[in-house]
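Now for the letters of each chain:
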Amino acid sequence: MAVDKELLQLDLYALLGVGEKASEKEVKKAYRQKALTCHPDKNPDNPRAEELFHQLSQALAVLTDAAARAAYDKVRKAKKQAAERTQKLDEKRKKVKLDLEAREREAQAHVSEEEEIRITRTLEQEVIRLREEGSRQLEEQQKLIQDQIRLEREQRVQGKHGNGVEGKGTPKLKLRWKCKKDDETKGGYTKEVLLQILQKYGEVLNLVLSSKKTGSAVVEFATVKAAEMAVKNEVGLITNPLKISWLEGQPQNNPSMKFPDSTRQPRASQDSVLSERDYESLVMMRMRQAAERQQLIEQLQREDEEESHT
């Protein structure tokens, strides 16, 4: 099986946007973020997207396999050292031509080139092994991406046929929370935190934090159903609750939808029936939300600790 020679010329860390000491978890996270934006299914008219997606997939496969990553790191280090030697040699040649020292440096560079060829072959062998065996990490991450893309498509279809506001644009909500101007933590709500909180209701098309007013943002959902669920159910972080209100696309109540006279009940009776019917599900939903928020806080704390150690 032929090895993709271009892979050996790429800086896989720079391609994924991570440091050379990035953990496997950080590599996977960076892959998902970049691969989702350039997935061929999302960019059918962009041939460059398929090429970039292929490169990202190879980078994930190599950097999540211990042996392949070690081989790649050796090649990367050797290339960097060779570039530094060449630069020093060129500077020396400007001052002294064809002297003994220059010949010795050239001989040393030749030996280094042979070493680079040797370790490059090792990397080629590791890449061939990964392709023959199949990268479990790559398969898992690509399946997650395919599932997310399929979910987004289903939500778009639901938004077109089942939200009752087709033609009125996508729904937008306004988010507010307490945040002082000099608060570097932004009241606990970064863009990443808000996305993790809101995406459980459905696809988020856009999220913009206000640059003029602290503690304020606008979110655009793909479907009205997702926006409705967020307005009704989301309270945000326990330590700093969110205030969510409609900005655009709020569905209008249909006045023709009324109970027939024979089935109408007094308001108090209706409330009683609804509360008895929905109380258990409401309690469970609130408990799940609280657990999700706690998990999010713990995850962010762990990531902060990992970053501080590195």
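Summarised in this report is the structure supplied together with it. (Residues numbered from 1 in each chain as written. Predicted model: local features only at pLDDT ≥ 70, side-chain atom pairs only at ≥ 80, totals over all residues. Heavy atoms only, no water.)

1. Focus on helix α4 (residues 47–63)
How we decide: Secondary structure is summarised from DSSP: a helix means a run of H or I of at least four residues, a strand means a run of E of at least two, and numbering begins at the N terminus for each. Between the first and last residue of a helix there are one fewer steps than residues, each counted as 1.5 Å, and that sum is the expected span. Between buried and exposed lies partly exposed: a residue is buried under 20% and exposed over 50% of the maximum accessible area for its type, with that area taken using a 1.4 Å probe on protein chains only.
The terminal C-alpha atoms of α4, which comprises 17 residues, lie 25 Å apart, in line with the 24 Å expected from a rise of 1.5 Å per residue. Among all positions of α4, only A49, F53, Q55, L56, S57, Q58, A59, L60, A61, V62 and L63 are buried.

2. Comments concerning the sheet that holds strand β3 (residues 216–221)
To be explicit about the condition: By the convention used here, strands pair only if DSSP detects at least 2 bridges between them. Note on geometry: axes are lines fitted to C-alpha atoms, helical ones only across the stretch in contact, with angles between N-to-C directions running from 0 to 180 degrees.
Pairing is antiparallel in the open sheet, where four strands are placed in the order β2-β3-β1-β6. Sheet topology places β2 (204–209) and β6 (243–248) at the edges, where each strand pairs with a single neighbour. Neighbour-to-neighbour, the strand axes of this sheet turn through a mean angle of 25 degrees, independent of strand direction. Note: strand β1 (residues 172–176) against β6, five bridges, orientation antiparallel.

3. Points about the environment of E24
We count it as follows: The contact rule is simple, with two residues in contact once any of their heavy atoms fall within 4.5 Å.
Note on placement: E24 falls in helix α3 (residues 24–38). When the C-alpha atoms of E24 and L60 are compared, they prove to be 9.2 Å apart, with 36 residues separating the residues in sequence. If sequence neighbours within four positions are ignored, E24 has contacts with T64 and Q137.

4. Regarding the nonpolar core
The condition is simple: Residues belong to one nonpolar core when they are buried, are Ala, Val, Leu, Ile, Met, Phe, Trp, Tyr or Cys, and are joined through side-chain atoms within 4.5 Å.
Formed by 31 residues in total, the largest nonpolar core has its most connected members in L16, V18, V27, Y31, V62, L63 and Y72. Put simply, the parts of the chain that give this core at least two residues each are α2 (12–16), α3, α4, α5 (66–95), α6 (100–133) and α7 (136–162). Here the element with the most residues in this core is α4; it accounts for seven residues. Once residues within four sequence positions are removed from consideration, L63 is found in contact with L12, Y13, L16, V27, R69 and Y72. Core analysis: the second largest hydrophobic core is formed by 21 residues, L175, Y201, V219 and A227 among them.

5. As for the side chain of E234
Selection criterion: Polar contacts, as used here, are pairs of N or O atoms within 3.5 Å; protein pairs need one atom able to donate a hydrogen and one able to accept it. Residues neighboring in sequence count only if both atoms are side-chain atoms.
In this structure, E234 sits in the loop between α9 (224–233) and β4 (236–237). At a separation of 2.7 Å, a polar atom in the side chain of E234 contacts the side chain of Y201.

6. Description of the pattern of salt bridges
As a reminder of what qualifies: Every case where a carboxyl oxygen of Asp or Glu lies within 4 Å of a side-chain nitrogen of Lys or Arg is listed as a salt bridge.
For the structure shown, the criterion picks out eight salt bridges. When the shortest N-O distance is used, the salt bridge between R76 and E20 registers 2.8 Å. Here R76, found in helix α5, pairs with E20, found in the loop between α2 and α3; they are 56 residues apart in sequence, far enough to count as distant. For R76, a relative accessible area of 27% gives the class partly exposed. For K200, the salt bridge goes to E234, with nearest N and O atoms at 3.1 Å. A residue pair is termed long-range when its members are at least 10 positions apart, and K200 in the loop between α8 (191–198) and β2 and E234 in the loop between α9 and β4 qualify at 34 residues. Among the residues examined, K200 registers a relative accessible area of 36% and is labelled partly exposed. Each of D11, E20 and R76 takes part in salt bridges that share partners, so that together they form one network.

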